[in-house]
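A look at the structure
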Amino acid sequence: MMDQSESSAALNSSSPVDPSPIIDLVEAFRRSKAMFAAVSLGVFDLLERAPGNLATIASRLRVESDPLERLLDTCVGLKLLRRNGELYENELVASTYLCRSSKRALTGYILYSNDVLFQMWSHLEDAVREGSPRWKQTFGIEGGIFDHFFRTEEAKQTFVQGMHGLGVLSSPKVVEAFDLSQFRRLVDLGGATGHLAIAACERYSQLQAVVFDLPQVIDSARTEIRQSAVASRVEVAAGDFFRDALPEADLFAMSRIVHDWAEEKIQPLLAKIYERLPTGGGILLAEKLLRDDKTGPISAQLQSLNMLVCTEGKERSLNEYRQLLERARFRNVQGHFTNSPLDAILAVK
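The structure contained in this document is the topic of the report that follows. The structure presented is a predicted model; accordingly, all values stated were derived computationally and were not measured. (Residues numbered from 1 in each chain as written. Predicted model: local features only at pLDDT ≥ 70, side-chain atom pairs only at ≥ 80, totals over all residues. Heavy atoms only, no water.)

**Examining the overall build of the protein chain**
Defined as follows: Each helix corresponds to a stretch of at least 4 residues labelled H or I by DSSP, and each strand to a stretch of at least 2 residues labelled E; elements are numbered beginning at the N terminus. Only C-alpha atoms enter the radius of gyration, while the globule expectation follows 2.2 Å times N to the 0.38, with N the number of residues. Only protein chains enter the area calculation, which uses a 1.4 Å probe; residues under 20% of their type maximum are buried, those over 50% are exposed, and those in between are partly exposed. In this description, accessible areas are obtained by the Shrake-Rupley approach with a 1.4 Å probe, and a residue is regarded as covered only by the protein chains that are shown. Within this scheme the basic residues Lys and Arg register as positive and the acidic residues Asp and Glu register as negative, but His and the chain ends are omitted. Note on charges: their place is set at NZ of Lys, CZ of Arg, CG of Asp or CD of Glu.
Counting secondary structure elements, the protein chain contains 16 helices and 11 strands. Taken over C-alpha atoms, the radius of gyration comes to 23 Å for the protein chain, in line with the 20 Å a tight globule of 349 residues would show. In terms of its C-alpha atoms, the protein chain occupies a principal-axis envelope of roughly 65 × 60 × 40 Å. Classification of the 349 residues of the protein chain by burial places 48% in the buried group. Surface exposure of the protein chain reaches about 17500 Å², of which carbon and sulfur atoms provide 52%. Across the protein chain, 40 positive and 46 negative side-chain charges occur, with their mean positions spaced 4 Å apart.

Below you can see the structure in the form of structure tokens.
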């Protein structure tokens, strides 16, 4: 750690401090927005069908050639596209994650980031000043968080598919973080498309699972479950886990649920889960973990800011999850960093 005199000497030295980290951050949003725009316009979907030259792509997307060329060349620079002579084509990473037809598509979350988060983050300063989400300031609408996510069918599908894309990346890592072989019946609360329940049943042959979510989400779960190899062991049930009785289970899971809410709302839910479990039953949380000293990882720090802008909640450290869970009488709280978009926390009754 430099003291003030050392800092002044460094600033006055003939070798200036490297400004590249600052320049990189100044330009960072431009890289994100270039990818968002290309996904939104359908560039990667079009090129997945066949490579194309500038004139063909512009004609099919109904956009002007010169600005499109700048966007395409930027995507080449970002290593999302490559150019062979006059033809543009997708790099493998774009084919895998940026095309709506891919089973591993992240397009839902990208479109949600473009249409919702990009706008809301422009009010981050006000979120920090006032400590509240920015829905009304950004969109002029009141209501709970999921009122906004589900305000139209298109908005709902964008949000649900966005969570699905991240879940496909994370859920296999979450269910392998701990040995779950002692459990027989998993209920995934707020399970969306069923990605965690499917991953758990694929890994543990003894497991039966239920995806429990709001009625307007269940059809998305049914679609994904039917296409899985474990469809016979995964069922769906409609309900609101805050208000309705919970299905029977010896393992409850929640993925990206706890971080949405303030403690006064999540604590009664944890207590409700505890009461529904048999002795020895478990709770599995899939969330992004902060280190206990809050020094990182940066992905969790940024996601915690995202929770400030969008929700009542925040990201937490394992010690903070331990306090939450132990207040609900859970014990043996363990955490595991998975090197995926979500980490894992397990506790038992």
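**Side note on the side chain of Asn90**
Stated precisely, the cut-off is as follows: Think of a polar contact as two N or O atoms within 3.5 Å of one another; within protein, one of them needs to be a possible hydrogen donor and the other a possible acceptor, and neighboring residues in sequence only count if both atoms come from side chains. In what follows, residue pairs with any heavy atoms lying within 4.5 Å of each other are defined as contacts.
By the element assignment, Asn90 lies in strand E2 (residues 87–90). Residue classification places Asn90 among the buried positions, given a relative accessible area of 5%. A distance of 2.9 Å separates a polar atom in the side chain of Asn90 from a polar atom in the side chain of Glu48. The contact partners of Asn90, leaving out residues within four places of it in the chain, are Phe44, Leu47, Glu48, Leu80, Leu81, Arg82, Ser95 and Cys99.

**A short note on the pairing of strand E6 (residues 251–255)**
Within a regular strand, side chains alternate between the sheet's two faces. Just so we agree on the cut-off: In this description, strands pair whenever DSSP reports at least two bridges between them. Handedness of a crossover: with both strands directed away from the viewer, a clockwise path from the first strand across the helix to the second marks it as right-handed.
Buried residues dominate E6, accounting for five of its five residues. Burial along E6 is two-sided: Leu251, Ala253 and Ser255 facing one way and Phe252 and Met254 facing the other are all buried. Here four bridges tie strand E3 (residues 185–189) to E6, and the two strands are oriented parallel to one another. The residue bridging Val187 from the neighbouring strand is Phe252, located in E6. As paired strands, E6 and strand E7 (residues 282–287) are joined by five bridges and run parallel to one another. In the sheet register, Leu251 faces E7, and the bridge partner there is Gly282. In this region the chain leaves E6, passes through helix H14 (residues 263–276) and returns to the parallel neighbour E7; the handedness of that crossover is right-handed.

**Structural notes on the pattern of salt bridges**
Where side chains of opposite charge bring their charged atoms close, a pairing between them can arise. Test applied: Counted as salt bridges are all cases of a side-chain nitrogen of Lys or Arg within 4 Å of a carboxyl oxygen of Asp or Glu.
Enumeration over the complete set of coordinates arrives at 15 salt bridges. Notably, a salt bridge pairs Asp45 with Arg100, separated by 2.3 Å at the nearest N-O pair. Taken together, the positions of Asp45 in helix H3 (residues 43–49) and Arg100 in the loop between helix H6 (92–97) and helix H7 (107–121) put the pair 55 residues apart, joining distant regions of the chain. Using a relative accessible area of 15% as the deciding quantity, one classes Asp45 as buried. The exposure class of Arg100 is partly exposed, given its relative accessible area of 41%. Several salt bridges converge on common partners, so that one network encompasses Arg82, Glu89 and Glu91.

**Details of H14**
Going by this rule: Given a helix with a known number of residues, its expected span is that number minus one, times 1.5 Å.
The end-to-end C-alpha separation of H14 is 20 Å, in line with the 20 Å expected for 14 residues at 1.5 Å each. As for H14, its buried residues are in contact with E3, E6, E7 and helix H16 (318–327).

**Describing the pairing of strand E1 (residues 81–84)**
Pairing geometry for E1 and E2, over four bridges, is antiparallel. Across the sheet, residue Leu81 finds its bridge partner in E2, namely Asn90. In this structure, the hairpin formed by E1 and E2 is closed by a connection of two residues, where Gly85 is found at a positive phi of approximately 65 degrees.

**Quick word on the nonpolar core**
The test is simple: Put simply, buried Ala, Val, Leu, Ile, Met, Phe, Trp, Tyr and Cys residues joined by side-chain atoms within 4.5 Å make one nonpolar core.
Ranked by size, the top nonpolar core spans 38 residues in total, and within it Phe44, Ile57 and Leu72 carry the most contacts. Elements represented by at least two residues in this core include exactly helix H2 (20–41), H3, helix H4 (54–61), helix H5 (65–77), H7, helix H8 (124–130), helix H11 (153–175) and helix H15 (298–310). Broken down by element, the residue count for this core peaks at seven residues, all from H7. Ranked by size, the runner-up nonpolar core spans 30 residues in total, among them Leu270, Leu285, Leu324 and Ala347.

**Thoughts on unusual backbone geometry**
Glycine aside, the phi torsion of most residues is negative, and most peptide linkages are trans. Residues Gly296 and Pro297 are joined by a peptide bond in cis, for which omega reads -5 degrees. Checked against the element boundaries, Pro297 lands in the loop between strand E8 (289–290) and H15. Despite not being glycine, Lys294 shows a phi value in the positive range, around 65 degrees. Relative to the helices and strands, Lys294 is located in the loop between E8 and H15. Backbone geometry places Asn332, a non-glycine residue, at a positive phi of 55 degrees. Within the secondary structure, Asn332 is located in strand E10 (residues 331–336).

As far as function goes, none of this settles anything; it's purely spatial.
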